[in-house]
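Residue strings, one per chain:
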Amino acid sequence: MTKLLRYPLQIFNYFIFVTIVWYFSIAPAYNHLEPGYAVIALAFGHAGQPVKECVRRTPEELAKLPPNMRNPIVCPRQRSPIEVEIIMDDQPMLQERFQPQGFSGDWGVDVYRQFKVPSGPHHLKMRLKDSVRVKDFNYVHEAKVVLKSAQLLVIDFQPNEGGFIIK
Amino acid sequence: MKKWFHKPINRLYLYVDGWFNLAFGTVNNPLYHLGSLAFFFFWIVLISGLYVFVLFDTSISGAYQSVEYMTHEQWYLAGIMRSLHRYASDAAVVTIILHIIREFSLDRYRGFRWFSWFTGVPILWIVILLGISGYWLVWDQLAQYVAIGSSQLLDVLPIFSSAMTRNFLSGQLSDRFFTLMAFIHLLGLPVVLIFALWIHVKRLSKVEIIVPRGLAIGSFLALLVLSLVKPAISHEQADLMIVPATLNLDWFYLNVYPLLDYWTAGQTWVLTISITLLLMVMPWIPLKRNPPAAEVELSHCNGCGQCFDDCPFDAISMQARSDGARWKMEAIVDPVLCSGCGICVGSCPYSNPFRRSEVRLTTGIDTPAFSAHDVRTATTKGLETLKGQTVKIIVYGCNHGFNLANINDADIATISLPCTGMLPPAFIDYALKKGADGVLMSGCRSSDCYYRLGNRWMEKRLQGERVPLLNARADRSRIQICGAAETDEAKLLKEIDAFRQRLLTNKQASQTAEKEAGHD
């Protein structure tokens, strides 16, 4: 085939190539979130309470220990699992028990969960239990929120600031 | 030997390959340069990236604005550079994927080739990570989506002490973190990529990382035109208080993220790691045994180094003479690297079929599976079968091109070699002097040798551009080269017919001339 005939074929091939490159670099568009929906994200890091009460050693017990190991309070290493419950408009959205991390179960847990929900007003009830030594949820928070379309509502948990925080 | 699962994709590939040969010729056929094309696109990415980096602000507050400035204010230079940066990155992925498909379809990934395939798989990952980190830096809503998705994936791994995802929800992301990402994209991953590429081609010699000029110009112009017609643009600026809804994903790089909407991060990891492992173990499914490695016969090796220079897989090295002979060097074959192609046999000056003194033809370096002696015996036997024919043609082919067993003409004797590069030019001269009217060299399509360089060396030897040379007195009009793949039966048979006709005409002309000379 002569060069003159080859050039149009080459241009055609280059056209196909760059069309593929261009098209799949932006298309097909992906709908990550439908219109009229928002996202509620539960995201926090928290260490549960020790599974047993800490015990204060008596002076006699302390005296038996080497001087560098005389810690007056002894706590068990293992921490309690964390139970979380989120109820939206009287419907359970999340009911989950997070086990502590680490070989000895002495680490905290990092929680990230997201829920796509219709935008508009909602009633949220959040409960958290971080100790096996208490019977019921020891942190409870309720809130009314109005979610805009595509809004990201973050539920955090900071025990030092009273528990659940909505951002 | 190709397996049943190669055949459908192999035939499809050969037809597409034929189409590209029609348009580009064998020298500029992009399918023969997919690896070097990926290198070429990488250079475009590097150079355009350096320019973009000059104007880029590596801070969360300034990154988006600086990219917008490049795209809209300085569109005529920085905008084009940005577009070239993106499209060349995408083009690199396309060529890498085609490279993988091609090597699979041609069964060029098993046996001695396992190393290149195995080390090539991580390169795909490094390239993907480069692209992902690049999209992150724009800090638009796509970057936000990628950042959160990446954090979800990383949080599953026990790398960080606390959840990385929370950084992107609480809006506490710092410039320091962003600078780290810029460092990873601009220096960390490119250095790792260059190192990985070096390992990838470690077992090859004469690696081609420069594409032919025509192909380079065409590819660059195509990307430049695309950058002008459809410049790369950003999404809206990232806003951590909203969720990006509709995204124009770059599917070459970001295809894994939508899975996170349906699967957990752990499941997504399982899928990606499974695909990666499957790709990595493919050279052993099923196992392909290499032909026996070439062996050096020191008594016939003068240490010329031609086999060392011709070996496509770096399996031959030269070392100081160990047998006390008068020559300085001797060839050493590494059996682990040797493909058994026999190209070294074709390059050895001792591979001379005219050496009558020996019962068995011994050469300096030989392949046990099909030796130079075997080639001479096959040639002699082939010529005997052609006795009484008007035109006698010897066709040398290879085990990876068109199957010569499909040629059933009485005036043709076929000899299939491991590679046509195995045939020393002296054998062609030998066949012509022993009674063949013509010799046709078939084998793989031109520039697409199964053993990389075999048919190229063969062509250069016959053209007098590479030693060992074809005897200067050999009649070139009686020699024909026609590379043919499995699907090229019609083309090859047509070429043989034309060659036969030419030989017949020449023969008749010379017979007539001889008669006339006799009358005089």
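Residues numbered from 1 in each chain as written. Chains lettered and ligands numbered in written order. Predicted model: local features only at pLDDT ≥ 70, side-chain atom pairs only at ≥ 80, totals over all residues. Heavy atoms only, no water.

(A) Structural view of the domain arrangement of chain B. Residues and elements named next belong to chain B. The domains assigned to chain B are domain 1 (1-28), domain 2 (33-281) and domain 3 (295-519). Domain 1 and domain 2 are separated by 29 Å when their C-alpha centres are compared. Tallying the contact residues gives eleven residues for domain 1 and twelve residues for domain 2. Where domain 1 abuts domain 2, roughly 970 Å² becomes buried across the two surfaces, and 61% of that area is made up of carbon and sulfur atoms. Contact with domain 2 buries area across many residues of domain 1, yet His-6, Tyr-13 and Asn-28 alone supply 49% of it, more than any other trio. In this structure, the connection of domain 1 to domain 2 is made through zero salt bridges. The interface formed by domain 1 and domain 2 holds four residue pairs in polar contact (both at pLDDT 80 or more) in total. (Domains from an automatic or database assignment. Contact = heavy atoms within 4.5 Å. Buried area = accessible area lost by both parts, 1.4 Å probe. Salt bridge = Lys/Arg side-chain N within 4 Å of Asp/Glu carboxyl O. Polar contact = N/O pair within 3.5 Å; in protein donor to acceptor, adjacent residues only side chain to side chain.)

(B) Representation of the state of the cysteines within the structure. One pass over the full model with this rule turns up one disulfide over all chains. The disulfide that involves A:Cys54 links it to A:Cys75, with 2.0 Å between the sulfurs. Looking along the S-S bond of the A:Cys54-A:Cys75 disulfide, the torsion reads about 110°, which is the right-handed sense. Placement of A:Cys54 in the loop between strand 2 (37-46) and strand 3 (55-56) and of A:Cys75 in the loop between strand 4 (73-74) and strand 5 (82-88) is noted, with a sequence separation of 21 residues between them. For A:Cys75, a relative accessible area of 39% translates into the label partly exposed. Residue B:Cys338 stays outside any disulfide, its sulfur separated by 6.2 Å from that of B:Cys344, the closest cysteine. (Disulfide = S-S within 2.5 Å. Helix = DSSP H or I, 4+ residues; strand = E, 2+ residues; numbered from the N terminus. Buried < 20%, exposed > 50% of the residue type's maximum accessible area, 1.4 Å probe, protein only.)

(C) Region of interest: the nonpolar core. Membership of the largest hydrophobic core comes to 64 residues, with the highest contact counts inside it found for B:Phe41, B:Tyr145, B:Leu193, B:Leu223, B:Leu254 and B:Tyr257. Mapped by element, the contributors of at least two residues to this core are helix 1 (3-26) of chain A together with helix 1 (7-28), helix 2 (34-55), helix 4 (75-105), helix 5 (114-138), helix 6 (141-156), helix 8 (175-200) and helix 9 (213-229) of chain B. Each of two domains, domain 1 (1-28) and domain 2 (33-281) of chain B, supplies a minimum of three residues to this core. Look past the residues within four positions of B:Phe41 in its chain and what remains in contact with it is A:Phe17, B:Ala88, B:Ala91, B:Ala92, B:Thr95, B:Ser219 and B:Leu223. (Core = buried A, V, L, I, M, F, W, Y, C linked by side-chain atoms within 4.5 Å.)

(D) Highlighting the packing of helix 4 of chain B against helix 9 of chain B. Residue and element names in this part refer to chain B. The contact between helix 4 and helix 9 brings their axes to 9 Å, and the two run at 125°. As summarised for this structure, helix 4 and helix 9 are arranged oblique, according to the angle between their axes. Regarding helix 4 and helix 9, the two cross each other, and that crossing is right-handed. Together, Ile-80, Ser-83, Leu-84, Tyr-87, Ala-88 and Ala-91 of helix 4 and Phe-220, Leu-223, Leu-224, Leu-226, Ser-227 and Leu-228 of helix 9 make up the contact between the two elements. Classifying every residue of the contact of helix 4 with helix 9 gives ten nonpolar, two polar and no charged. (Axes fitted to C-alpha atoms, helices over the stretch in contact; angles between N-to-C directions. Parallel < 35°, antiparallel > 145°, perpendicular 65-115°, else oblique. Left-handed = near helix turned anticlockwise from the far one by under 90°. Nonpolar A, V, L, I, M, F, W, Y, C, P; charged D, E, K, R; others polar.)

(E) Quick peek at the interface of chain A and chain B. At the interface, 35 residues of chain A touch 48 residues of chain B. Across the chain A to chain B interface the summed buried area is about 3,600 Å²; carbon plus sulfur atoms make up 65%. Connecting chain A to chain B are two salt bridges. The closest approach of N and O atoms between B:Asp261 and A:Lys116, which form a salt bridge, is 3.7 Å. One can count 17 residue pairs in polar contact (both at pLDDT 80 or more) joining chain A with chain B. Sorting the residues of the side of chain A that touches chain B by element identifies helix 1, strand 1 (30-31), strand 2, strand 7 (109-118) and strand 10 (152-158) of chain A as the ones contributing at least two each. With 14 residues, the top contributor of residues to the side of chain A that touches chain B is helix 1 of chain A. Of the residues contributing to the side of chain A that touches chain B, the split by class is 24 nonpolar, seven polar and four charged. Looking at chain direction, strand 1 of chain A and strand 1 (residues 246-247) of chain B are connected through two bridges and run antiparallel. Considered in strand 1 of chain B, the bridge of A:Tyr30 is made with B:Leu247. (Pairing = 2+ DSSP bridges.)

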